[in-house]
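Summary of the model geometry
Spelled out from the first residue to the last, the chains are:
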Amino acid sequence: MEQGEVKMNTKLMITIFTLTLLLISGCRIKTATPIDESAPNNEPIKIGAVYALSGPFASYGIEEKRGLEMAALEINQNGGIDNRKIELIFEDDTGDVQKSVTAVNKLIEVDHVKYIFTAFSSSSQATAPIAEASGVLYMSATVSKIGTGKYVFRDFWDMEDAGRSIGRAINKEGIKNLGILALNYGDTESFLKGLKSTLNNKIQIKEERYDFGETDFKTQLSKLKSFEADGIIVYGFPGAESTKITQQIKELGLDNARLFGSSNYGYTYMHLPLRDTLSKMRLIDVWYSLDPGNIQSQKFITKYNRTYWQDLVGDAAYTYDDLHALAIAMKKRGADADTADIAEALRETNLDGAAGKLTFDTLGNSKRESYLHIYEENGWNKYNTLT
């Protein structure tokens, strides 16, 4: 017998042996359940989504869109909801409140959707009442506060709680002069309220602000340097903005201070060129998703990167979890159940999601855990304010 035949027979024997073990153990290979297109009443379930898909906030809106698309694909590949596919209808509001209002009205009045996903606090505060009045189930991800209602749900952590978490870390680190550089944005005040309510009253504070789109922060940072800040907290969006601020901190020689974030440093790929600065300043940040120790988070990150060949900010994990939670609620009550029944089931959510454990309180607010991490020479590590 020639060498090639030996290899072929060996492979065949291994295959037969493996299949025999599976049969003996009663194991079954899990396959996707296809949707029966010929079945009656299999019209798709329309779900609307209003995100900033263009303009200055597009990086967030595109992520939120992708999270929904990933979840919808998985749900549809596994039989959908009562043999019905999910069909996503996206509208681009560019982050503009009035465009968001127009888009939500269009989804309700023209597309006749029963479910709408949105983001951004200002847009959500304007559009949630429209959905509530129409009996449309409304899910807003990555926003800190919106109005409550029978049909309104919000999935994010609490900004005041995040501020308190960072405040406890600042107290523990013994900071005496705290410099604050904060973006002028709707959630800023909630974060700073929680922060200041927790800080040791002996800590001196110097606060500076900046507007979205600014690229030169040296004027504000110079004031913090004159203040002799031994701790600096940066409140703003993740991405290039926080990277530029950190670069200018280094250029001004402020990198001997401790650095604190507001969930804007939690994704190291954005700041890799500055990792030495971040470890020198022993950055402490509070994360609202994608905990490094969470297996579901790591699985989602891997799948996202393989699907889009891009790193992610984290918003996609929220919309991904939210659509899966909605699908579970719809399966409990039935695809044709009214939105009041679906909303009731959604409040019973207990999901181990990509962004961590997801549950909702009676007002429709998610109860997400935030995590404090410290960036050291070996990368991110959990930070405990109790020790």
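For the structure itself, consult the block above.
For the structure given in this document, a descriptive report is provided here. Source: prediction; values computed, not measured. (Residues numbered from 1 in each chain as written. Predicted model: local features only at pLDDT ≥ 70, side-chain atom pairs only at ≥ 80, totals over all residues. Heavy atoms only, no water.)

**Structural notes on the packing of helix α2 (residues 58–77) against helix α11 (residues 315–333)**
Quick reminder of the rule: Only C-alpha atoms enter the line fits that serve as axes; for helices the fit covers just the stretch in contact. Angles between N-to-C directions range over 0 to 180 degrees. The secondary structure listing takes helices from DSSP runs of H or I that are at least 4 residues long and strands from runs of E that are at least 2 residues long, numbered from the N terminus. Throughout, a crossing is termed right-handed when the near helix is turned clockwise from the far one, and left-handed when it is turned anticlockwise from it by less than a right angle. Two residues form a contact once any of their heavy atoms are found within 4.5 Å. Ten residues, namely Ala, Val, Leu, Ile, Met, Phe, Trp, Tyr, Cys and Pro, are considered nonpolar, four, namely Asp, Glu, Lys and Arg, are considered charged, and the remaining ones, Gly among them, are considered polar.
For the pair α2 and α11, the least separation of the axes is 7 Å and the interaxial angle reads 35 degrees. For α2 against α11, the interelement crossing comes out right-handed. Here α2 contributes Tyr60, Glu63, Glu64, Gly67, Leu68, Met70, Ala71, Ala72, Glu74 and Ile75 to the contact with α11, which in turn contributes Asp315, Ala316, Thr319, Tyr320, Leu323, His324 and Ala327. Looking at the contact of α2 with α11, its residues break down into ten nonpolar, three polar and four charged.

**Considerations on the sheet that holds strand β4 (residues 137–141)**
In plain terms, the rule: Two strands pair under a simple rule: DSSP has to find at least two bridges between them.
Overall, parallel pairing links the five strands, which are arranged β2-β1-β3-β4-β5 in an open sheet. Because the sheet does not close on itself, it has two edges, and the strands there are β2 (86–92) and β5 (152–155). Adjacent strand axes in the sheet meet at a mean angle of 20 degrees when their direction is disregarded. The pairing of β4 with β5 spans four bridges and is parallel. By the bridge assignment, Ser140 is partnered in β5 with Arg154. Sheet contacts for helix α4 (residues 121–134): β3 (115–119), β4 and β5; angle to β4, the most-contacted strand, approximately 170 degrees. Strands β3, β4 and β5 of the sheet are contacted by helix α12 (residues 339–346), whose axis makes an angle of about 40 degrees with β4.

**Some details on the pattern of salt bridges**
Test applied: Think of a salt bridge as a Lys or Arg side-chain nitrogen and an Asp or Glu carboxyl oxygen that are within 4 Å of each other.
Throughout the structure, instances matching the rule amount to 20 salt bridges. Residue Lys193 is joined to Glu160 by a salt bridge in which the shortest nitrogen-to-oxygen separation is 3.8 Å. Note that Lys193 is positioned in helix α6 (residues 188–198) and Glu160 in helix α5 (residues 159–172), a separation of 33 residues in sequence. In this structure, the salt-bridge partner of Glu376 is Arg282, at a minimum N-O distance of 3.3 Å. Residue Glu376 is found in strand β13 (residues 371–376), and its partner Arg282 is found in the loop between α9 (275–280) and β10 (284–287); the two are separated by 94 residues along the sequence.

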